[in-house]
Structure formats: C-alpha cells, structure tokens
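Reading the structure
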Amino acid sequence: MMKETYQYTAEGLADTEALAERLASLFIAGTVITLDGDLGAGKTTFSQSVARAIGVTDVVNSPTFTIIKEYEGERFPFYHMDVYRLSMEEADDLGLDDYFYGDGITLVEWASLIEDLLPPDRLEITIEHLGDSGRRFRLQPYGGPYEAWCLELKKNGLIV
C-alpha cells in the first residue's frame, strides 16, 4: 500500500525556515530526516534552517568533504551528513547506526544513495527547485512519530 505523500511549497527562505521551525518543534531524540533533490535544490539551506530551529549557534555548512558534522543544539545534538561522495560500503563502515539510533537529530543529505542503511522509521523529504526562490518539499513519513507529525501539520494547514 502506497503511503501518503505530503507537500509544502516555499516561496522563499522565510517559508523554508517556517517549515523547518514547525518540524523542529516536534522533534524527539533519535529523529532522522533524509533529504534528496537535485544540486542547488536547497538541501543545505533547509539543513541550516533545521539547525537554527533546534538552537545550533555554530555556522552550519555542507559536510560534503567531511561527510558528518556534529553540532550542539539547545535540546539535542545535531548530526548533519552528506553522503554524496560515499559508496554504500564506505557508508556502512562509518557506523551510522550510532547516529540513527542515538539521542540526537540526524539529517542526511543525498540519503537515497544509502537507502539500504537508513532506519525504517524516518521522514524523507525531497526538495524540488521551482524557479528563482521557490521550492516544493515532498514529505514521506515512515513509521514512528513521523506519520503523526505529517497528519498534524496537514490538520494545521501547513502541508497538503
């Protein structure tokens, strides 16, 4: 059975930040968010918005070459990953389960490249570029609290 996919359209950075802030208000320890989308779609911008929303004060930039960056937020550690340059074997050797099943918030850019290593419970977000500053976010919840989060956001009119 196909799970429901939810959508959110951002007309600019303020809308992207609003989605990140609303999602972050729902986060619990062990939250896993995966991000996919073309180059320049806004994965790192969304990651930065999530980091700010959970109280990370450090500069958050793309971990393309370091693979994983760890930050301290107000309530949770924030683990920002970019697996674009990794093979499945390299990713498997990193011990990602320690992050996925830990007490932090884990956000993985280019997550579809390591789909077999991802936890079954997660929120998949695909970002599509819609022109100058517009973006479409497609949210696909898998288990855990993620389905309830999407239903709540839909009920409150944030996503459709």
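Here's what I pulled together on the structure shown here.

Rules of the game
Residues numbered from 1 in each chain as written. Predicted model: local features only at pLDDT ≥ 70, side-chain atom pairs only at ≥ 80, totals over all residues. Heavy atoms only, no water. Core = buried A, V, L, I, M, F, W, Y, C linked by side-chain atoms within 4.5 Å. Buried < 20%, exposed > 50% of the residue type's maximum accessible area, 1.4 Å probe, protein only. Contact = heavy atoms within 4.5 Å. Helix = DSSP H or I, 4+ residues; strand = E, 2+ residues; numbered from the N terminus. Polar contact = N/O pair within 3.5 Å; in protein donor to acceptor, adjacent residues only side chain to side chain.

As for the nonpolar core
Of all hydrophobic cores here, the largest spans 50 residues; its most connected members are L23, F27, F46, F78, I125 and F137. With sequence-adjacent residues up to four places away left out, F46 is seen in contact with T16, L19, A20, L23, L35, I125, I127 and F137.

Section: the environment of E109
Inspection of the secondary structure assignment puts E109 in strand β5 (residues 105–109). Given the relative accessible area of 2%, E109 is considered buried. Residues E109 and M81 lie 28 residues apart in sequence; the distance between their C-alpha atoms is 6.0 Å. Beyond its immediate chain neighbours, meaning those up to four positions away, E109 contacts L35, K43, T44, S47, H80, M81, D82 and V83. At a separation of 2.6 Å, a polar atom in the side chain of E109 contacts the side chain of H80.

Describing the environment of F78
Among the secondary structure elements, F78 is positioned in strand β4 (residues 77–82). On the accessibility criterion, F78 (0% relative accessible area) is buried. When the C-alpha atoms of F78 and G104 are compared, they prove to be 5.7 Å apart, with 26 residues separating the residues in sequence. Other than its neighbours up to four places away in sequence, F78 contacts S47, V50, A51, I54, V56, V60, K69, E70, Y71, I105 and L107.

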